[in-house]
Amino acid sequence: MMPPKQNNSPDDFQTPEVAVRLLIPFLKKEWIIWEPAIGKGNIVNVLKKGGFEVKGTDILTGFDFLKQIPDFEFDCIITNPPYSLKDEFLERAYWYDKPFAMLLPITALEGQKRQELYKKHGIQLIIPNKRINFETPSGKGSGSWFASAWFTYKFDLPKDIMFEVM
């Protein structure tokens, strides 16, 4: 099975509502949340529906998370970043030193660079009990061939690894 492609990008996996709902119990209502890889806005829409204040940007809105600093206040970053840029997104998110949650493949635990970041700063995981059915460029959900988890920082989860039911 090949990754879905849109404009020759293997990174187009839009987050379904059920994946965002896993995260909501761990969010603080007073947080202003920033979604820096907004895509179709799925994460933003679910969080706003849940009563959270959310700012959404991405490269298509003229904002580059990896190179620019936002001109608005925020307390937390929540995103499903392009997986081809996961190292850069993790580095940048740690740089802000604010709580973040990134929906990444479980294999993001691998790799020297990422492991050094995790050792230095810490990481906690929220792991769903089944694979996420991402929305792909065809507009249809696609049973994923990889397991995913919310990689969180400064969420102060009760345990470092939380197994959650979708």
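What counts and how
Residues numbered from 1 in each chain as written. Predicted model: local features only at pLDDT ≥ 70, side-chain atom pairs only at ≥ 80, totals over all residues. Heavy atoms only, no water. Helix = DSSP H or I, 4+ residues; strand = E, 2+ residues; numbered from the N terminus. Buried < 20%, exposed > 50% of the residue type's maximum accessible area, 1.4 Å probe, protein only. Contact = heavy atoms within 4.5 Å. Areas by Shrake-Rupley, 256 points an atom, 1.4 Å probe, with all protein chains shown as cover. Phe/Tyr/Trp six-rings, centres within 6.5 Å; stacked < 30°, edge-to-face > 60°. Lys NZ or Arg CZ within 6 Å of the ring centre and 35° of its normal. Salt bridge = Lys/Arg side-chain N within 4 Å of Asp/Glu carboxyl O. Pairing = 2+ DSSP bridges. Axes fitted to C-alpha atoms, helices over the stretch in contact; angles between N-to-C directions.

Caption draft 1: Highlighting the overall build of the protein chain. A count of helical and extended segments in the protein chain gives four helices and nine strands. Going from the N terminus to the C terminus, the protein chain shows its helices and strands as α-β-α-β-β-α-β-α-β-β-β-β-β. Looking at the 166 residues of the protein chain, the share that counts as buried comes to 49%. A fraction of 65% describes how many contacts in the protein chain between residues 6 or more apart in sequence connect residues 24 or more apart. Here the protein chain displays about 8,700 Å² of accessible surface, and carbon together with sulfur accounts for 51% of that area.

Caption draft 2: Structural detail: the packing of aromatic side chains. Within this structure, the stated rule accounts for 16 aromatic pairs. Relative to Phe-63, the ring of Trp-34 has its centre 5.5 Å away and its plane inclined at 80°; by these criteria the two rings are edge-to-face. Separated by 29 residues along the polypeptide, Trp-34 in strand 1 (residues 32–35) and Phe-63 in the loop between strand 2 (53–56) and strand 3 (76–79) bring together distant segments of the chain. No difference in accessibility class separates Trp-34 from Phe-63, as the two residues are buried. Connected via pairs of aromatic rings, a cluster forms that spans Trp-34, Phe-63, Phe-65, Phe-72, Phe-74, Phe-89, Trp-95 and Tyr-96. The ring of Trp-95 carries the charged tip of Arg-92 above its face, separated from the ring centre by 4.5 Å. Positioned over the ring face of Phe-74 is Lys-98, at 4.3 Å from the centre of the ring.

Caption draft 3: Quick look at the pattern of salt bridges. Enumeration over the complete set of coordinates arrives at seven salt bridges. Between Glu-17 and Lys-49 there is a salt bridge, and its shortest N-O distance comes to 3.2 Å. You can see Glu-17 sitting in helix 1 (residues 17–23) and its partner Lys-49 sitting in helix 2 (residues 42–49), a full 32 residues away along the chain. Among the residues examined, Lys-49 registers a relative accessible area of 62% and is labelled exposed. Residue Arg-114 is joined to Asp-87 by a salt bridge in which the shortest nitrogen-to-oxygen separation is 2.4 Å.

Caption draft 4: Spotlight on the sheet that holds strand 8 (residues 148–153). Spatially, 2-1-3-4-8-5-9 is the arrangement adopted by the seven strands of the open sheet, whose pairing is mixed. Edge positions in the open sheet fall to strand 2 and strand 9 (161–164), since each of these has one partner strand only. Within the sheet, the average angular offset between the axes of one strand and its neighbour, ignoring direction, is 25°. Of the strands in this sheet, strand 1, strand 2, strand 3 and strand 8 are in contact with helix 2, which crosses strand 2 at around 165°.

Caption draft 5: Structural view of unusual backbone geometry. Of note in this structure, Asp-97 is not a glycine but carries a positive phi near 55°. Accessibility expressed as a relative area gives 39% for Asp-97, which makes it partly exposed. Despite not being glycine, Asp-156 shows a phi value in the positive range, around 50°. Locating Asp-156 in the fold gives a position in the loop between strand 8 and strand 9.

Without other data, these values stay purely geometric and don't point to any function.
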